[in-house]
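Descriptive structure summary
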Amino acid sequence: MNSLFRLAGDNALPVAWAASRNHSIDTIENESRRAFLLGVSTGALVLAIGALPLRALAEEAKLYGGAGMPGGLQDDPRVFIAIAPDGSVTLINIRAEMGQGVRTSMPMIIADELDADWGRVTVQQANADEAKYGNQNTDGSRSVRQAFTSLRHAGAAARQMLEAAAAAAWGVPVTEVKASLHEVVDSKTGRRGGYGEFAAAAALLPVPAADQIKLKTPQEFRYIGKGLVGGTDNNDIVTGKAQYGIDTRLEGMLYAVIARPPVFGGMLKSHVATEALKVPGVIKVAVLDSSPIPSAYMPLGGVAVIASNTWAAIEGRKKLVIEWEGGTNAAYDSVEYHKQLSASAAKPGEMARNLGDVYAALASAERKIAVEYYLPHLAHATMEPPAAVARISDGKCAAWACVQAPEDTRDLLAGVLGISKENVTVHMMLLGGGFGRKSKPDFVAEAALLSKAVDGQPVKVTWTREDDLAHDYFHTVSVERIEAAIDSSGKPLAWLQRSTAPTIMSTFAPSQVRESAMELALGLTNLPFFGVPNLRIEAPEALAHTRIGWFRSVSNIPHAFATQVAADELAHVAGRDPKDFLLELIGPPQKVDPGTLGDTQNYGEDPTLYPVNSGRLRGVIETVAKAASWGRTMPAGSGLGIAAHYSFMTYTAVVFEVVVAADGSLSIPRVDIAVDCGPQVNPERVRAQMEGSVVQGISLALLGEISFAKGHAVQTNFHEYEILRFDAAPGEIHVHNVGASDFSVQLGGVGEPGVPPVAPALINAIFAATGKRIRNLPVREQLRAV
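Report on the accompanying structure. (Residues numbered from 1 in each chain as written. Predicted model: local features only at pLDDT ≥ 70, side-chain atom pairs only at ≥ 80, totals over all residues. Heavy atoms only, no water.)

**As for the packing of helix H5 (residues 143–170) against helix H6 (residues 195–203)**
- The contact between H5 and H6 brings their axes to 8 Å, and the two run at 95°. As judged from the angle between their axes, H5 and H6 are roughly perpendicular. Each of Met-161, Leu-162, Ala-165, Ala-166, Ala-169 and Trp-170 in H5 lies in contact with H6, whose residues at this interface are Tyr-195, Phe-198, Ala-199, Ala-201 and Ala-202.
- The residue inventory of the contact of H5 with H6, partitioned by class, reads 11 nonpolar, no polar and no charged. (Axes fitted to C-alpha atoms, helices over the stretch in contact; angles between N-to-C directions. Helix = DSSP H or I, 4+ residues; strand = E, 2+ residues; numbered from the N terminus. Parallel < 35°, antiparallel > 145°, perpendicular 65-115°, else oblique. Contact = heavy atoms within 4.5 Å. Nonpolar A, V, L, I, M, F, W, Y, C, P; charged D, E, K, R; others polar.)

**Observations concerning the pairing of strand E20 (residues 534–539)**
- By the criterion of burial, E20 is predominantly enclosed, with 6 of the 6 residues buried.
- A two-sided burial pattern is seen for E20, the buried positions comprising Asn-534, Arg-536 and Glu-538 on one face and Leu-535, Ile-537 and Ala-539 on the other.
- The pairing of strand E12 (residues 350–355) with E20 spans 5 bridges and is antiparallel. Paired with Asn-354 across the two strands is Arg-536, which belongs to E20.
- Inspection of the sheet shows strand E19 (residues 492–500) paired to E20 by 5 bridges, in the parallel sense. (Buried < 20%, exposed > 50% of the residue type's maximum accessible area, 1.4 Å probe, protein only. Pairing = 2+ DSSP bridges.)

**Considerations on unusual backbone geometry**
- The omega torsion of the bond from Ile-293 to Pro-294 falls at 5°, within 30 degrees of zero and hence cis.
- Tracing the backbone through its elements, the reader meets Pro-294 in the loop between strand E9 (282–288) and strand E10 (302–307).
- In this structure, the amide linkage connecting Leu-777 to the following residue, Pro-778, adopts the cis form with an omega of 5°.
- Position of Pro-778 relative to the elements: it lies in the segment after helix H19 (758–770).
- With a phi close to 40°, Arg-780 is a non-glycine residue in the positive phi region.
- Within the secondary structure, Arg-780 is located in the segment after H19.
- You can call Arg-780 partly exposed: its relative accessible area is 32%.

**A short note on the pattern of salt bridges**
- According to the stated counting rule, one finds 45 salt bridges in the structure shown.
- A salt bridge links Lys-216 to Asp-115, with the shortest nitrogen-to-oxygen separation between them at 2.5 Å. Pair noted here: Lys-216 is in the loop between H6 and helix H7 (234–238) and Asp-115 is in the loop between helix H3 (102–114) and strand E3 (121–125), with a separation of 101 residues, a long-range link. A single burial state applies to Lys-216 and to Asp-115, both of which are buried.
- Of the charged contacts in the structure, one is a salt bridge between Lys-278 and Glu-275, with a shortest N-O distance of 3.0 Å.
- Ionic contacts of the salt-bridge type, sharing partners, join the residues Asp-129, Glu-407, Arg-410, Asp-411 and Lys-421 into one network. (Salt bridge = Lys/Arg side-chain N within 4 Å of Asp/Glu carboxyl O.)

**With respect to the side chain of His-736**
- Mapping His-736 onto the fold places it in strand E28 (residues 732–737).
- Take His-736: its relative accessible area is 18%, and that puts it in the buried class.
- Among the polar contacts listed, one links the side chain of His-736 to the side chain of Asp-672, at a separation of 2.7 Å.
- Setting aside chain neighbours within four positions, we find His-736 in contact with Thr-623, Ala-627, Asp-672, Ile-673, Ala-674 and Val-675. (Polar contact = N/O pair within 3.5 Å; in protein donor to acceptor, adjacent residues only side chain to side chain.)

Written out as C-alpha cells, the structure reads:
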C-alpha cells in the first residue's frame, strides 16, 4: 500500500508535513481514501484483513472530527474483532494507552454493541498502520469522543453478521434470532449457540451497509456508561507485569544514552571519546548529526555512547570531552525574556477577535484593572522518560516505543533511514505517562539511527531524567495582559486581552512569531464572556528560543489562568461575589457558532454539533458552587476560590478550599470539580481523569517551572523541577458529573479539560484567604511573604 502522506525525497522530512500531521495552523489536510479488499480466514471472524473508510462520507464535503484527521476513521468489524471457534473474542485497540484508559474504553464500546461477555474478551494493541486502522494519533482528548460512533458501528455490524449466520444455519428468519451476551438465541424455540459456533460463517457474509446497522439504544447498553468494567491493564500494572516502552528487551540488544547539545540549535564542535571507551561495557561512541532549526521531530544530534548495559552507557557519557557551538539561542535567559514578553504585551498585537470598541470603553471607564500574568515553561516530566528500541534487518526497521503518534513515528523512521514506510513496523507499547511529549518521536529516530550505526543490532535509547528535562518540547512560556472595566453600576463593560507566547508552530516554522489560530482558539478566541459588550483579543509577537510542544490542555493553561484570575480581580473591584460576577461575564444561556467568535478551529469538530454553549458552562459553575457550599463564612486564613473553563468540547468548573497558616504554609482541605463532557462511556476513567487533573494542576501552579540561563534549562531533576508530594495533595477531591447519561448530546473530551481551571481557582482561593494576589506562577515561596 502506498503512503497517503509521502516524504518529499528519500530522506527529507518537510516542515509542512510535520505540522499537518497533528495541529495545522488553520486547516487539516485530507487526502482521498482508498478502499482495500476484504479477506476472510476459515474458522474465525478475523479482524486484520483490510480496511474500509467510514461509510457515507462524501469526499468533497468538509470532514470534521476523526474523519477529518489524517487516516480518517475506521468502522469495519473485521479490522477490530476476531472470534475464535471456542468463542473467545479478541478486540484491537488502536490508540496509545498512557493511563487515560483507552485500552479499556475503546474496546468496551465494541464489546457492548457486539454484546460480548467482557470476561471472554482479550484486548490486543495494534501496531502503527493508518491505512488499516485509520487515525491512531492519541492526543487532543479525542480518542473516545471521535471514535465512539465508528466503534459502535463495528461492534453492531459484527453482531448482525453473527445473527445472520445463525439464522441461516437454523433455517429461520433473521428477525427471529438475537445475539445476547456471547450467544445467539432463537426467540421462538429457545435454541441457542455460542458466538464461536457461527464465527466462520459470519466471516463470509458482507458487512452491513451503514444505513442497515442497528445500534443499541442507551437503555440497552451493557457496559457503556455503567462503570462496571475494570481496566484492561490494571492487574498487570499492580503486579509489575505491564510492559512499558522502557521495558523492551530483545536478544542481542545494546543500550545507548546520548549527550545532546545543551542549547536548542547548538552543534557539536569537537569531542574526545578516549576515556569513555575505557569504561567496562562501552562498545562504541557514535556521532548523531544535529538537526538545523526548525528541527520538527528530528533528533537534536550529539554524541551517543553505546554499551552492553544502560549503566555503562551513562558512565561512558560522563567521560566524554565535548565542546559545543552555542548557536543562535545561546543567550536565552528567562528573566530577560520575561521582560521582553511584558514589553511586547504592552503594545497592540495582531487582532484575533473584536467586539464593540474596547479602547474607547476603557478610556471612559472609571473602575478598571490593568494586570499582567506570567506562566513559565513547563516540562512534561512523565514518570517513564522517553525510551525506544529499534532494530534494522534486511532493509527493514522494527521499533518498540512509548509513542502517542505511531504513524508519525513510522513516517519519521522511513524518512531518516531512507526506506519505504511499508518496511517500518512500530510496536505501540504501554506509556508511563504522555501528556503530549510522546507525540514527538525524535527519541525513536535516535534508536533507529544508532541501530544502523551498529549494523542493525537492536539498540535501546534511554533518556535519563536530566535528558528529559533538558531537551523536552516545552510547554510555552506566556505573558497574558488584561485590561478590563466595569460600568458605573458594576456590570462588565470592557475586556482586552493580549496573549504573548512563543507558538508551537515555531518548532516547524521559525517564521511563526505569535500564537497561531489553533492556539488562540484554546480558550481565548472562543472565550464565552458573552456578558461583556466590548471585547478584544490580540496576539503580540514572541520569538521562540527552544522547542515548543503541546502539553496537557496546551494554551488553555495560560488563557484560563489569566481570564479566571482577572475575572476574580474585576469582581472585587466591582464589590461583587466572584461566582455571581463570573456568571454575569458569561451572560445568559445561549449556543453560539464558534466561527462568529473568530474560532475557525473548534478542535476540528462540526460547529453545528459542537457550538459554544454558555448554558453548560453556567451549569458546571452552579453545580460546583452548590457542592462546595459557596458563600459560606470561612475562618481566618481560609478561603474559597472558583474558576471555570471550556476546552476540548467539555465544560469544567472548580472550587478550592484552602488554608494559609501564619508562616505561609498552604493546605488544601477540599477541591470540588464539576465536569460536563456530555455522555460518559467509562465514568470511572472520567472521574480518575478529573482527579488527576486536579493534582497535576496544583503541582504546576505551586511548583512547575523550567527556566533558562545561557540558553539551557536550569532545572535538572525532580529536586529542582518538583512535582506535588503526597502530603501537599488535597485532603478530599469531589468529582461532580453533569449530563453523564444523556446520550442525545455529543461526547466531549476528558483527558485535558480538567487542568485549565485548577490553577486560577487555587490562586483565587489564596486571595480569599490572605488578600494576596499572585499573578506570576509558580507560587513557590510567594506565600511566605504574606
